[in-house]
Every structure is written in structure tokens, then in C-alpha cells.
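# A structural walkthrough
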Amino acid sequence: MNFNFDTVIDRMKSSSVKWDGAEALFGEKDLLPLWVADMDFKVPEEVSQAIADKAAHGIFGYTIRDDSYYQSIIDWMKTRHDWTVEKDWICHSPGVVTALSLAVQAYTQPGDKIIVQPPVYYPFMKVTETNDREVVFNPIVNNHGTYEMDFEDLLSKIDSSVKMLMLCNPHNPGGFVWKKEDLKRLGDICMEHRILVVSDEIHSDLVFEKGSHIPFASLSEQFAENSITCTAPSKTFNLAGLQTSNIIIPNEELREKFNAETERNAIGMPNSFGPVATEAAYTHGGPWLDEVLSYVEGNLKFVKNYFAENVPSLKVLPLEATYLAWIDCTELGMTAEELEMFFLTKAHVALNQGKVFGPGGEGFVRMNLACSRSIVERAVKQIENAIDSLPV
Ligand SMILES: Cc1ncc(COP(=O)(O)O)c(C=O)c1O
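Notes on the structure in this doc start here. Worth saying up front: this structure is predicted, and the values here are computed from it rather than measured.

### A short note on helix 11 (residues 274-284)
Among the residues making up helix 11, those that are buried are Gly274, Pro275, Ala277, Thr278, Ala280, Ala281 and Tyr282. Where helix 11 is buried, its residues touch helix 2 (45-57), helix 3 (67-81), helix 9 (234-237), strand 10 (245-248) and helix 12 (286-310).

In C-alpha cells:
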């Protein structure tokens, strides 16, 4: 290991949503925060250096994206995902959630239906509803810990009002990569019914088996023409606060519509630090990322073994992607509300409650493992003690 992820870095009083924001959000003091998806690790040195160099320049005027910025994205997509991306396809958005909302506005009308596959990242539902579109659930099916798409259900939900499907690829929560056959079948169905695929691939770099993520648009030219792909260095390199994401849109007409929406909202210009950090991360961050992934895998193994030995009522599902463990707590027999209060007031850990991810999420929690091992150890012990204190 060339990087030390064991060191605990104090994030309190750093304006961190995860640490400083937990008490206000959850209404409890002294919570160990393993919720929102950012890492407690420092970014690669080259990224800090690029930001420091920019800061040292001391002038933060209006900013453009240099050719080298685009090239770093193109090279990353090719080497990590064997996906050939052209410079012209790369559009911009501050965040991926912003891009999802822009896509809803650009490609659908109020009253249109948008399919999502719960349990899924809850802003998929939120951006649909806040834009006055209708959410249609096509739940994924938990087959003994392995999730599958339900194509029968999908076909039964499609009518002429369905205009878009939001794909989470890899999937969050659940942390798995979609197989080629599933993506192909999904893509074919969407082509046939003229449903645009918005593929959120923000977690695509966070896969434990190198090369296992398949960009939806890489599967065929038709799929590329019938989709937009949301990417960002934010999850991969812990840069969420820099608000920089890249939306890859091969289809010219779709691209123009997306860019028109960006312009209408006047959000096309980057901040001064996002592009330099992104370029440094994509250019130099590979070795750092590989070590983060093996550290997180170690954390996952630790939690899995610990619960199997000491808290068998909690089952950690297999994880192929993301640093977010998905834990089945249904054996505790609690309602979603009881489960939430149990983790907050008895275990004093802040986790994401499964219920917020929509149907199929109830009885589960999502635990962020992108932190030092000692924090994970504290969390599982606190959970074990809380379970032991439950009346039998
Ligand atoms: C699937 C997915 N999309 C988007 C985001 C957030 O993206 P952003 O911070 O760029 O809006 C997350 C964060 O956890 C996520 O899991």
C-alpha cells in the first residue's frame, strides 16, 4: 500500500454535510456518520497540488475548460471502460443530480411518465416529481441477495406516456454492476418503445473487478444514440464539493436540447477548481483509486465477517461496485421507522435508511465504507451492543 487510509482525519468543523450536518439532519448528537456517499479519505496528492497551484495563482475569474481537460476524460473512459468517447459528446453540469433534472426538463413534458427501478438512488424520484412528471416503478427483484431486472413488469408498465427510463449503472443501493444481457434487453425494449435511457454511471469507476462495468452507450450505436450518460469524478475521487460532472451525449439532437437547458438555467460555466482537479484526478489518480478499492473491499470483508460471527441477524449483501454496503435487517422484525430510531438512538450510527430508496428498500440500511477501518470497527461494535440490548 502506497497510501495510508487507516489515519482518521478529523472532518468536524470542515463544513462537511456528512459530519457537521448529521446532528441537524438526524436530530441526535454523537452519531458516527456512515451515510451520505463521500469518502473520509484525502484525495490523490496530484489533485490537491493542482488545486493548490490554482489557489496560489490568486485569480479566480471566469473559467474555460481546456483541451487537456477533455482529453483526460476521453483517456479515462478508454482505459478504464474501453469506451471511445468524442470530445464533442462531452457536455457539462455542476452535479449529476442537476443533470438528471436538466434531462427531465429537456426531454419530457409535465405529465409524462419516467420509469425508475427501485430500490434506487432517491433523487431519481425526486427530480421526476419536482418537475411534475410521474414516477413509474419497475422494482428490481432480490433473488437471494442478487438483484435482477423484472422485464415482464417493465413491459406491463410501458404505455405511450412513458418517455424516459433512469438507469442506475452500477446500481445504488445494492452496489452491483448490470450484466451485458440485462442492459441489452433493457436497451432493446427502450428502443422499441421510444423511451430515452438516462444512464447514471457516477459509480462506474468504483468496481471491485476491473473492467466489469459496461457503459450502456458502449453496447451499440443505437443505444448510444438513444441515451445520455452521466459521469463525474466526484464519487471516484472524493470531489463532490467541486460540483463538476460530465454528461456524455453522442446524439447531436439530444445534445443540443441538453445544452439549451443548461443555457436556459445559466449553469454552463465551471468553477475555477473543478476542471483542474478533474484533469489531475483522471490523469494521475488511477493508482490511488485502485488502493481505495482494495481498502474498501477490506472494510467490507471485515463487516461481513463481524456480523456473520457476532450479529447474524444482519446480512451484508454481496458488493460488486460502490463503497456502500447494503445490509438486510429484516430479521430484526422492525418497521422502517423502528429501524431508523434503533440505529440513531441505540447504535448511534447515521446510516441511509432503505425506505428512502423506494419500494424494496424497507428493512435495509446502506452503510458507507469509505472510511478508516477503526471507524468501521467502532460502528459494528456500537451496532452489536445495541442489538444485544434489545429485549429478547
Ligand atoms: C447514483 C447517484 N447519482 C448521483 C449522485 C450524486 O451526484 P452529484 O453529487 O453529482 O449530484 C449520487 C450520490 O451518491 C449517486 O449515488
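Next comes the rest of the write-up.
### Here's the deal with the side chain of serine 204
Relative to the helices and strands, serine 204 resides in the loop between strand 8 (196-200) and helix 8 (221-225). With a relative accessible area of 4%, serine 204 lands in the buried category. There is a polar contact of 2.8 Å between the side chain of serine 204 and the backbone oxygen of glutamate 201. Not counting the four nearest positions on each side in its chain, serine 204 is found in contact with His81, Pro170 and His213.

### Observations concerning the site of the ligand
The ligand sits among Ala37, Gly95, Val96, Val97, Tyr121, Cys168, Asn172, Asp200, Ile202, His203 and Lys235. Between valine 97 and the ligand, the recorded distance is 3.0 Å, taken from a backbone N or O atom to an oxygen atom. At 2.7 Å, a side-chain N or O of histidine 203 approaches an oxygen atom of the ligand. In the complex, the protein chains occlude 90% of the 400 Å² of accessible area that the ligand would expose alone. When its residues are assigned to classes, the shell around the ligand shows six nonpolar, three polar and two charged.

### Regarding the packing of aromatic side chains
The final tally for this structure, using the stated rule, is 22 aromatic pairs. Ring geometry for tyrosine 147 versus phenylalanine 176: centroids 5.5 Å apart, planes at 15 degrees, classification stacked. With tyrosine 147 in strand 6 (residues 146-148) and phenylalanine 176 in the loop between strand 7 (162-168) and helix 7 (180-192), the pair connects residues that are 29 residues apart, well separated along the chain. In this structure tyrosine 147 comes out as buried when scored by relative accessible area, which is 7%. Residues phenylalanine 342 and phenylalanine 343 carry aromatic rings whose centres are separated by 5.2 Å and whose planes lie at 75 degrees to one another, so their mutual orientation is edge-to-face. For the pair phenylalanine 342 and phenylalanine 343, a shared accessibility class is recorded, and that class is buried. Taken together, Phe3, Phe5, Phe41, Trp76, Phe237, Tyr282, Trp288 and Tyr295 form an aromatic cluster joined through their ring pairs. Here the guanidinium or amino end of lysine 87 rests over the ring plane of tyrosine 70, the centre of that ring lying 5.0 Å away. If you follow arginine 373 out to its NZ or CZ, it ends over the ring of tyrosine 295, 5.0 Å from the centre.

### Regarding the sheet that holds strand 15 (residues 364-368)
With respect to topology, four strands assemble into an open sheet ordered 11-12-15-14, the strand pairing being antiparallel. The open sheet is flanked by strand 11 (315-316) and strand 14 (352-353), the only strands paired with a single partner. For strand 12 (residues 324-328) and strand 15, the ladder comprises five bridges, and the chain directions are antiparallel. Looking at strand 15, one finds that isoleucine 327 is bridged to valine 365.

Definitions and cut-offs
Residues numbered from 1 in each chain as written. Predicted model: local features only at pLDDT ≥ 70, side-chain atom pairs only at ≥ 80, totals over all residues. Heavy atoms only, no water. Buried < 20%, exposed > 50% of the residue type's maximum accessible area, 1.4 Å probe, protein only. Helix = DSSP H or I, 4+ residues; strand = E, 2+ residues; numbered from the N terminus. Contact = heavy atoms within 4.5 Å. Polar contact = N/O pair within 3.5 Å; in protein donor to acceptor, adjacent residues only side chain to side chain. Near = heavy atom within 4 Å. Areas by Shrake-Rupley, 256 points an atom, 1.4 Å probe, with all protein chains shown as cover. Nonpolar A, V, L, I, M, F, W, Y, C, P; charged D, E, K, R; others polar. Phe/Tyr/Trp six-rings, centres within 6.5 Å; stacked < 30°, edge-to-face > 60°. Lys NZ or Arg CZ within 6 Å of the ring centre and 35° of its normal. Pairing = 2+ DSSP bridges.

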